[in-house]
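Given next are the chains, with one letter for each unit.
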Amino acid sequence: MKVLGIDTSCDETSMAVVENGKILRNIVASQVSLHKNWGGVVPDLAKRAHEKNIDKVYQKTILGMGEIEVVAVTIGPGLAPALRVGVEFAKKLAWETNKKLVAVNHIEGHLLSPFINRKNDFSWPIMVLSVSGKHTQIVLMEAIGKYKVLGVTLDDAAGEALDKAARVIGLGYPGGPILEKLAKNGQVGFLKLPLPLKNMVGYDFSFSGLKTSFYYQLKDWQEAKKMENKENLSASFQEAVGAHLFYQLEKAIRDYQPATLFGVGGVMSNNYMRQKMRALALKYQLQVFFPISKKLNTDNAAMIAYVGEEKWKRGEEVREIERLDFVARLSL
Ligand code: KG4
Ligand code: ZN
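Undergrad: Would you mind showing me how to read the overall build of the chain here?
TA: When helices and strands are counted, the chain shows 11 helices and 10 strands. Against the compact-globule benchmark of 20 Å for 332 residues, the chain has a radius of gyration of 20 Å, which places it among compact chains. By its C-alpha atoms, the chain is 60 × 45 × 30 Å across when sized along the principal axes. Here the chain, with 332 residues, has 54% of them falling under the buried criterion. Total accessible area on the chain stands at roughly 14,900 Å², and carbon and sulfur atoms take up 50% of it. Charged side chains in the chain number 44 positive and 35 negative. The centres of these two groups are separated by 4 Å.

Rendered as structure tokens:
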């Protein structure tokens, strides 16, 4: 059963073909260069780029694939004008070619991304730390399709905080990978930053206090001083983000005792964050997995096709195609 996945939730036009949980093709047309100058994703530019790219990406994806039987599309969460392009494309395709259509939650795609191209022999329950530019959450998975959200961010996503910190220093976009590189030669703790929500019960996250503290401490610094200290600043901010992520995750591990940990989403392609997660896994004697390739950490349609195949196996297809719509603020 070949499943075509489509994701246009943000700034990547992506399509993929998955069969029996394995990737046959995964195409990602990135718009990073388009949004770079603005320091973040501009919804209207994203929409136009999706419209321009979508047919080309489709042709490239299905080339030589033979018959595709199911179309799986991200219906949210994401940017409304961007989501609309993918959802309309998928509806038209399913309608015209008489294919089954499955609606997918983008976050579920990230959650299941470590299953792709692997044998499904993980020990359950699995606790997932899912960290991207748009969401940050801890989810306990009891089975595929059975999720308990333990904590979410109350304000910014961790990736968003990294991107904003990079902008404050005067570095490029997206900030996460730039900070990671610079941080390798920097001194952690060069700047004192708070540990958010330290005395609060629960497993939620908050990054706006960190971001504000960083901003105010550097407010009167000249460009030259920031550049001189960019490694130390990167290391300090990255460490503070990681400290908060793994402080909350450790509490959740102690309380829910999962058997396995997953680290997914763009921020978990970061080696410093992965190392912190591995250390936690070792401390609590858990297995830990990331997607088999870092390309599956950042946005991609293979994870959407994967979820689509799972949902299709459970008979969860869209019955009235013409009535399907995107949901920009969809939660798990
Ligand atoms: O998962 P993703 O590609 O898209 C969303 O769904 O948001 O995540 C993008 C986010 C950006 O904020 C980016 O700065 C961050 O992930 N990111 C990283 C790294 N690569 C991407 N953050 C830290 N280290 C990285 N290596
Ligand atoms: Zn994503």
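Moving on from the model shown.
Undergrad: Is there a simple way to think about the coordination of the zinc ion (ligand 2) in this case?
TA: In an ideal tetrahedron of four donors about a metal, each angle is 109.5 degrees. In an ideal octahedron of six donors, the angles are 90 or 180 degrees. Bound to the zinc ion (ligand 2) on the protein side are His106 (NE2), His110 (NE2) and Asp299 (OD), at distances that span 2.1 Å. Here the zinc ion (ligand 2) is ringed by 4 donor atoms whose angles at the metal span 94 to 133°, and the overall shape comes out tetrahedral. Read in sequence order, the donor residues coordinating the zinc ion (ligand 2) give the pattern H-x3-H-x188-D. Remark: aspartate 299 occurs in the loop between strand S10 (287-289) and helix H11 (302-313) and histidine 106 occurs in helix H4 (residues 106-112); sequence separation between them is 193 residues. Both residues of the pair, histidine 106 and aspartate 299, count as buried.

Undergrad: Can you walk me through the packing of helix H5 (residues 158-169) against helix H9 (residues 230-256) in this structure?
TA: When two helices pack together, their arrangement is given by the angle between their axes and by how far apart the axes lie. The contact between H5 and H9 brings their axes to 11 Å, and the two run at 165°. Comparing the axis directions of H5 and H9 gives the class roughly antiparallel. Between H5 and H9 lies a crossing of right-handed hand. Facing H5, whose interface residues are Ala158, Ala161, Leu162, Ala165 and Ile169, H9 presents Lys230, Leu233, Ser234, Phe237, Gln238, Val241 and Leu245.

Undergrad: It is not clear to me how the sheet that holds strand S7 (residues 136-143) should be interpreted in this structure. Could you clarify?
TA: Strands pair in a sheet through their backbones, by hydrogen bonds, and they do so in one of two ways: parallel or antiparallel. With respect to topology, 5 strands assemble into an open sheet ordered S8-S7-S6-S9-S10, the strand pairing being mixed. Across the chains shown, the open sheet's two edge strands, defined by having one partner strand only, are strand S8 (146-152) and S10. Put simply, the sheet's adjacent strands are angled 20° from each other on average, direction ignored. Against the sheet, helix H10 (residues 271-283) contacts strand S6 (126-131), strand S9 (260-264) and S10, and its axis sits at roughly 175° relative to S9.

Undergrad: Would you take a moment to explain the site of ligand 1 for this structure?
TA: Neighbouring residues of ligand 1: 20 residues in total, closest Gly133, Lys134, Asp163, Glu180 and Asn270. Contact between ligand 1 and glycine 133: an oxygen atom at 2.8 Å from a main-chain N or O atom of the residue. In this structure, a nitrogen atom belonging to ligand 1 sits 3.5 Å away from a side-chain N or O atom of serine 269. For ligand 1, whose unbound accessible area comes to 550 Å², protein coverage reaches 90%. Residue classes in the shell around ligand 1 are distributed as 4 nonpolar, 12 polar and 4 charged.

Undergrad: Got a minute to help me understand H10 in this structure?
TA: Turn by turn, an α-helix covers 3.6 residues, leaving residues three or four places apart pointing in a common direction. The end-to-end C-alpha distance of H10, which contains 13 residues, comes to 18 Å, matching closely the 18 Å that a straight helix rising 1.5 Å per residue would cover. Listing the buried residues of H10 in full gives Tyr272, Met273, Arg274, Met277, Leu280 and Ala281. Tucked into the core, H10 has its buried residues touching S6, helix H6 (175-183), H9, S9 and S10. If you check the start of H10, you find a side-chain oxygen 2.8 Å away from the backbone N of tyrosine 272, and it comes from asparagine 270. Glutamine 285, located one to two residues past H10, shows a positive phi value of around 55°.

Undergrad: Help me understand the nonpolar core, please; the structure alone is not making it clear to me.
TA: In summary, soluble globular proteins display a tendency toward joint burial of nonpolar side chains. Leu129, Phe237 and Leu245 are the most contacted members of the largest nonpolar core, which has 43 residues in total. Considering each element in turn, this core owes the most residues, 9 residues, to H9. Residues contacting leucine 129, with those up to four places away along its chain left out, are Gln137, Ile138, Phe205, Leu245, Phe246, Leu249, Phe262, Gly263, Val264, Met268 and Met277. Counting 28 residues, the second largest nonpolar core, distinct from the first, contains Val104, Phe262, Ile304 and Val307.

Definitions and cut-offs
- Residues numbered from 1 in each chain as written.
- Chains lettered and ligands numbered in written order.
- Predicted model: local features only at pLDDT ≥ 70, side-chain atom pairs only at ≥ 80, totals over all residues.
- Heavy atoms only, no water.
- Helix = DSSP H or I, 4+ residues; strand = E, 2+ residues; numbered from the N terminus.
- Rg over C-alpha atoms; globule rule 2.2 N^0.38 Å.
- Buried < 20%, exposed > 50% of the residue type's maximum accessible area, 1.4 Å probe, protein only.
- Areas by Shrake-Rupley, 256 points an atom, 1.4 Å probe, with all protein chains shown as cover.
- Lys, Arg positive; Asp, Glu negative; His and termini not counted.
- Charge placed at Lys NZ, Arg CZ, Asp CG, Glu CD.
- Donors = N, O, S within 2.8 Å, 3.2 Å for Na, K, Ca; no water.
- Tetrahedral: all angles 85-135°; square planar, octahedral: opposite > 155°, others 65-115°.
- Axes fitted to C-alpha atoms, helices over the stretch in contact; angles between N-to-C directions.
- Parallel < 35°, antiparallel > 145°, perpendicular 65-115°, else oblique.
- Left-handed = near helix turned anticlockwise from the far one by under 90°.
- Contact = heavy atoms within 4.5 Å.
- Pairing = 2+ DSSP bridges.
- Near = heavy atom within 4 Å.
- Polar contact = N/O pair within 3.5 Å; in protein donor to acceptor, adjacent residues only side chain to side chain.
- Nonpolar A, V, L, I, M, F, W, Y, C, P; charged D, E, K, R; others polar.
- Expected span 1.5 Å × (residues − 1).
- Core = buried A, V, L, I, M, F, W, Y, C linked by side-chain atoms within 4.5 Å.

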